[in-house]
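# Architecture at a glance
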Amino acid sequence: DIVSYSDTGTMVSDYNLIGPDKTDMVRHTGNTYNTLAAYVAGKGQDTHSNNANPLFVGAPDFHIQAESPCRNAGVNIGVADDFDGNSKPMGAAVDIGAYEFVE
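I will try to describe carefully the structure that is included in this document.

Criteria and cut-off values
Residues numbered from 1 in each chain as written. Predicted model: local features only at pLDDT ≥ 70, side-chain atom pairs only at ≥ 80, totals over all residues. Heavy atoms only, no water. Phe/Tyr/Trp six-rings, centres within 6.5 Å; stacked < 30°, edge-to-face > 60°. Buried < 20%, exposed > 50% of the residue type's maximum accessible area, 1.4 Å probe, protein only. Helix = DSSP H or I, 4+ residues; strand = E, 2+ residues; numbered from the N terminus. Polar contact = N/O pair within 3.5 Å; in protein donor to acceptor, adjacent residues only side chain to side chain. Salt bridge = Lys/Arg side-chain N within 4 Å of Asp/Glu carboxyl O. Pairing = 2+ DSSP bridges.

In the structure shown here, the tally under the stated rule is 3 aromatic pairs. Judged by centre distance (5.5 Å) and plane angle (65 degrees), the ring pair of Tyr33 and Tyr39 falls under edge-to-face. Tyr39 carries the same exposure label as Tyr33, and that label is buried.

Time to look at the side chain of Gln45. Positionally, Gln45 belongs in the loop between α1 (36-43) and β5 (50-51). Side-chain polar atoms of Gln45 contact the backbone nitrogen of Ser13, separated by 2.7 Å.

What follows deals with the pattern of salt bridges. Applying the stated criterion across every chain, the model contains 2 salt bridges. Here Glu103 ties to Arg71 by a salt bridge, and the two come within 3.3 Å at their closest N and O atoms. With Glu103 in the segment after β7 (61-64) and Arg71 in the segment after β7, this residue pair connects regions lying 32 residues apart in the sequence. Linking Lys88 and Glu100 is a salt bridge whose minimum nitrogen-to-oxygen distance equals 3.3 Å. Taken together, the residues span a long stretch of sequence, with Lys88 in the segment after β7 and Glu100 in the segment after β7 at a distance of 12 residues. Residue classification places Lys88 among the buried positions, given a relative accessible area of 16%. A relative accessible area of 2% places Glu100 in the buried class.

Okay, unusual backbone geometry next. At the junction of Ala59 and Pro60, the peptide bond is cis and its omega measures out at 5 degrees in the coordinates. With respect to the helices, strands and loops of the structure, Pro60 is situated in the loop between β6 (56-58) and β7. Geometrically, the link from Lys88 to Pro89 is a cis peptide bond, its omega value of -10 degrees lying close to zero. Positionally, Pro89 belongs in the segment after β7. At Tyr15, a residue that is not glycine, the phi angle is positive and equals roughly 55 degrees. Note on Tyr15: relative accessible area 28%, which makes it partly exposed.

In the case of a regular strand, side chains alternate between the two sheet surfaces. Pairing geometry for β6 and β7, over 2 bridges, is antiparallel. Paired with Gly58 across the bridge in β7 is Asp61. Between β6 and β7, which pair antiparallel and follow one another directly, the connecting turn spans 2 residues.

What follows is the structure in structure tokens.
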């Protein structure tokens, strides 16, 4: 599972990039959504999320490459800096993930 949760509280999930090789995307209170589209239709979450290869530099380095669909695809949630201390955003918009792409 990418995400497994039940309705014991409030969860909001959006502006994520979910790898394309996942078959059990989300399990929610006994329901399994096998695609991002099915989950969005069924729960109304992740309407701005994408199902693609994030193009990381390579594990364990989770910086993104220039062609990454994560670039400029996030939303500002009030975090001022990435894990390297770079100001967010570094480009036209915030990048999805822990690191901003730095040219």
